[in-house]
Amino acid sequence: MPVEHLPAALVMPAGELVDAALAGLDQGELVTLPSLPELADWKAYESARQALFPNLSRSSAAYRHRVAGRFGD
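Residues numbered from 1 in each chain as written. Predicted model: local features only at pLDDT ≥ 70, side-chain atom pairs only at ≥ 80, totals over all residues. Heavy atoms only, no water.

A. Spatial organisation of the overall build of the protein chain. When its secondary structure is counted, the protein chain shows two helices and zero strands. For the protein chain, whose C-alpha radius of gyration is 20 Å, the value lies well above the compact-globule estimate of 11 Å for 73 residues. Considering only C-alpha atoms, the protein chain reaches an extent of 60 × 35 × 20 Å along its principal axes. Looking at the 73 residues of the protein chain, the share that counts as buried comes to 3%. (Helix = DSSP H or I, 4+ residues; strand = E, 2+ residues; numbered from the N terminus. Rg over C-alpha atoms; globule rule 2.2 N^0.38 Å. Buried < 20%, exposed > 50% of the residue type's maximum accessible area, 1.4 Å probe, protein only.)

Right under this line is the structure:
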């Protein structure tokens, strides 16, 4: 979809986006989300992602997803 068809409230001017991203990098942010007002929201997301990480790739299905009798339950 052409950007011209998107609501104006969803489209940041390119220059503002670049300036904001560079400001974030100058502040030490490894990831910049120029439209995200609260850094705490990103930190909460990243903490949740890190908590999930050890359990995202496992050799068997989570117990709640197992079909009774198929996995020796």
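Right, picking up where we left off after that structure.
B. Structural view of the pattern of salt bridges. Within the structure shown, the criterion is met by one salt bridge. Here Glu46 ties to Arg49 by a salt bridge, and the two come within 2.7 Å at their closest N and O atoms. In this pair, Glu46 and Arg49 both sit in helix H2 (residues 39-52), three residues apart, roughly one turn of the helix. Taking the relative accessible area as the measure of exposure, Arg49 reaches 34% and is therefore partly exposed. (Salt bridge = Lys/Arg side-chain N within 4 Å of Asp/Glu carboxyl O.)

C. Seen up close, helix H1 (residues 14-26). A rise of 1.5 Å per residue sets the reference length of H1, with its 13 residues, at 18 Å; its end C-alpha atoms lie 18 Å apart and thus fit the reference within 8%. Looking one or two residues beyond H1, the residue adopting positive phi is Gly28, at roughly 90 degrees. (Expected span 1.5 Å × (residues − 1).)

D. Layout of the environment of Ser60. Locating Ser60 in the fold gives a position in the segment after H2. Looking at Ser60, its side chain comes within polar contact range of the side chain of Arg66, at 3.2 Å. (Polar contact = N/O pair within 3.5 Å; in protein donor to acceptor, adjacent residues only side chain to side chain.)

Any functional reading would require information beyond the geometric quantities listed.
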